[in-house]
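Coordinate analysis (summary)
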Amino acid sequence: MDFQRFKPHLPWITLVVLVAFVGMVDDTFLRPANLLSLAGDIVPLFIMALGLTFAIYIGGIDLSAQSMANLITVVASVYLASFGWGVAVLCLLVGFGFGMVSGYVTTRLLVPSFISTLAVGGVAFSLAQFLSGQRALNMDAAQRDAVFGWMIGKTGPVPNELFIAAGLLAITLFIERRTTLGRALKAVGAGEPAAAASGINVARYKILAFAISGTLAATAGLLFAVKLSGGAPTIANGFLLPAIVAVLVGGTPLTGGVGGVLNTAIGTLIVAVIRSSMLYFNIQATQQQMVFGLVLIGAIALTIDRAKLRTVK
Amino acid sequence: MYELKKVDKKFPGVHALKAVDFHVNRGEIVGLVGENGAGKSTLMKVIYGAYQPDGGQIMIDGKAVRFGNPRAAMEQGIGMVFQEQSLIANLTVMENIFLGYESQFVRFGVINWKAMAAAATKQLAKVKLDIDPGLVTAELSFAQRQLVELAKVLTLEERVQGNLVILLDEPTSVLAKEEVDLLFKLVRELTSRASFIFVSHRMDEVMELSDRIYVMKDGAVVDVVDRGLKTVEQIQHKMVGRNVDKEYYREQRQKPFDASQELVKLAHVDLVGRVKDINLTLHPGEVLCLVGTEGSGREAILRTIYGMRTPVGGTITIKGQPVSGLSPQGAVARGVGYVPRERKIEGIVGGMTVYENMTLSQMGRHSRGGVLRIAGERALAREWIARLSIKASSEMADCGNLSGGNQQKVVLAKWRSGGSDIMLLDHPTRGLDIGAKEDVYDMIRDMSEAGVGIVLVADTLEEAIGLSHTIIVVKDGAIQKQFDCAVGAKPSLYDLLHYMI
């Protein structure tokens, strides 16, 4: 069978094969309760990956996502007491703002996004260290439950995080498929010069893509802080690599223009299955990043569109 | 001596070469013509080793050979002069000529530059190019670079036993007439050293240069014509399977334009660089053609009207309103449409559907509150697919998979469906086959009749003369002369060339 035609179907086939394989060796894996908790646990990562999808969809990358989530866990913990539910708005605004800065640096100062977002991530990390005094912070448990308890409860057997994930997926899917913003981002990813020559304000849409990425990274950070009832400047470390893996194994290549948020949903599930099977096979946490690193290299090599990439440096 | 026997090549969904027989004799110049998509490029890639055939044989001097890559083909004496030049701009001429083959000049791990310069001078003499081989390639003119490329291929002569076959892919597409004549003279002289395969869209040049012409259509060789045995029309008939209209440029449809109104007016416009003091006026229904050599400033003027370049002096007036700080967004909002020369890069977005491409410049008109009305977009695309007879399976087809002519129609439809009444066309027929060119000419006349003002940079001088109401000759960034081109009173090629060079 021809690989190019097979390629778009690779992500879900991989998922089915992996689930079948792990289900065969580990007979507790396919129990609904296990699957539900598995899916619930991966939601912060999924939300971050959802945001990253927008940066990668336009052919860029957002390496600041993890530092952003770190910063937001600190911001949420520090300001929950004074702002109550308003802290959520603050968190999203911080994420949006930092994303805008990344986008501005990328489009106006013409710094490649992998450097601009790395730098902005460094700034976010420092800010997190400053705000937290380099300590782990705790939220007041009663106040957390009063304001954000709904995020982490359960409705019947289903973790509420899954509803949040589904809601965000629906919103981002709508943006991607049905709005001028989504269409413009696709054009920028698939053929930026043609988009510019069609009179599209390419820079504005790119800045928006990074801002969406930042906002969703902030959402991920907020949810993570609520789950752990606290924050620290390094608490979300280890998120970035699996989040990028989720986007890429889902089928949105680094060169952009194809794939999208639905692909990322599948990619995140693949990451979740890999992660839980590593626990089953007793692979230590310290070695998990190695596995994700290898999967990432494999996924990039398989998905990248070499016609768009004249040279690799 | 070089021969292809029943060569077959298949790609997913396309049978690109169907049992092609092809041979080149020693010292012969063989022409290769065909419409876009007829299989010329695939055949060339098989010849110079970039593709491996799925069936059939490649024979050199009666022995079957197989090339894994272009370098293997070069070792057997097959060289390629690329259309998109393959020289590296920031290397010197001699470094380019011996790129990948420097080891012959290396002593104790160091390159002996003097020896390389001497050897390069010898190669340049073969193509009668008297330049310093130590020059950086970027400083050469396009024609000079083409000759360097030819010299580079001719180094095979020393390296390879046996005979050379050199492919020339569209070598004349950006050369001026004199440069073409020089190149042809050179190629004829070089037949003592090599055989040539000459690929071009310009039928007259192929007829002039070639000893034999292979005519391709739909992946097969449909005719082999010896020199002088058939006319241009007969060969074109074979290529397209029909006669080419005598009224090629649709001159009978050229109507006087409305000189009382002004769509675009440039007054004393200066750009960064050479372009200075540009004055021109475009009227509704007028086809205004900018003529000049490559780099004369034609494209810069087009891009200025589209807001992609910002003037440093002078004024631009669009539909009576002076504009400053014009951006492409602003130009589009004022009804300007731009058909760029690089169709696949700036014209269409490959990977997006036909309808997505058509509404890319006018999404605001097909959305409310940022939410697209996709049903409306698709209906619009279906209408224009029918109107311009675009060959696409549906409005959902990937634009990147359409042929060049149909892609160009999508680009034109993008602007026309959005109501653009100032069209900037940069080489709209570049790389199109005859049938598709005629469609574009018809569309230009249609737009003219509908009162659209068109600024055109044509592919050839004949095209410019045939299509335009007004010709402005640009040289070194300055307007030299304006010609009125009413039907029956058109300037000749010579009139234009006089001011161009």
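Above this note sits the structure.
Keep in mind it's a predicted model, so treat the numbers as computed, not measured. (Residues numbered from 1 in each chain as written. Chains lettered and ligands numbered in written order. Predicted model: local features only at pLDDT ≥ 70, side-chain atom pairs only at ≥ 80, totals over all residues. Heavy atoms only, no water.)

**Section: the side chain of Glu299 of chain B**
Residue and element names in this part refer to chain B.
- In this fold, Glu299 is placed in helix α10 (residues 298-305).
- In this structure Glu299 comes out as buried when scored by relative accessible area, which is 17%.
- A distance of 3.4 Å separates polar atoms of two side chains, one belonging to Glu299 and the other to Arg298.
- Look past the residues within four positions of Glu299 in its chain and what remains in contact with it is Arg341, Asp426, His427 and Val457. (Helix = DSSP H or I, 4+ residues; strand = E, 2+ residues; numbered from the N terminus. Buried < 20%, exposed > 50% of the residue type's maximum accessible area, 1.4 Å probe, protein only. Polar contact = N/O pair within 3.5 Å; in protein donor to acceptor, adjacent residues only side chain to side chain. Contact = heavy atoms within 4.5 Å.)

**So, the packing of helix α9 (residues 160-178) of chain A against helix α13 (residues 261-280) of chain A**
All names here are of chain A.
- At a minimum axis distance of 9 Å, the contact between α9 and α13 shows a crossing angle of 145°. Each of Leu169, Thr172, Leu173, Glu176 and Arg177 in α9 lies in contact with α13, whose residues at this interface are Val261, Leu262 and Ala265.
- When grouped by side-chain class, the residues that make up the contact of α9 with α13 number five nonpolar, one polar and two charged. (Axes fitted to C-alpha atoms, helices over the stretch in contact; angles between N-to-C directions. Nonpolar A, V, L, I, M, F, W, Y, C, P; charged D, E, K, R; others polar.)

**Looking at the packing of aromatic side chains**
- Scanning the entire structure with this criterion turns up 10 aromatic pairs over all chains.
- Centre to centre, the rings of Tyr306 of chain B and Trp415 of chain B are 6.1 Å apart; their planes meet at 80°, and the pair counts as edge-to-face. Of this pair, Tyr306 of chain B sits in the loop between α10 and β16 (313-318) while Trp415 of chain B sits in helix α15 (residues 404-417), and the two are 109 residues apart along the sequence.
- Trp415 of chain B gets classed as buried once you look at its relative accessible area, which sits at 1%.
- Here the aromatic cluster, defined as three or more aromatic residues joined through ring pairs, consists of Tyr306, Tyr338 and Trp415 of chain B.
- Here the basic side chain of Arg204 of chain A rests over the ring of Tyr205 of chain A, its NZ or CZ set 5.3 Å away from the ring centre.
- Positioned over the ring face of Trp384 of chain B is Arg387 of chain B, at 4.0 Å from the centre of the ring. (Phe/Tyr/Trp six-rings, centres within 6.5 Å; stacked < 30°, edge-to-face > 60°. Lys NZ or Arg CZ within 6 Å of the ring centre and 35° of its normal.)

**Details of the interface of chain B and chain A**
- At the junction of the two partners, chain B supplies 30 residues and chain A supplies 22 residues.
- Of the roughly 2000 Å² buried at the junction of chain B and chain A (both faces included), carbon and sulfur atoms supply 60%.
- Area buried by chain B at its contact with chain A is led by Gln329, Met363 and Leu372 of chain B, which between them contribute 24% of it.
- Along the contact surface separating chain B from chain A lie three salt bridges.
- In this structure, Lys186 of chain A engages Glu356 of chain B in a salt bridge whose closest nitrogen and oxygen atoms are separated by 3.4 Å.
- Where chain B meets chain A, there are nine residue pairs in polar contact (both at pLDDT 80 or more).
- Mapped by element, the contributors of at least two residues to the side of chain B that touches chain A are α11 (328-333), α12 (343-347), α13 (354-358), β20 (371-372), α14 (374-387) and α15 of chain B.
- Residues that form the side of chain B that touches chain A fall into these classes: 18 nonpolar, eight polar and four charged. (Buried area = accessible area lost by both parts, 1.4 Å probe. Salt bridge = Lys/Arg side-chain N within 4 Å of Asp/Glu carboxyl O.)

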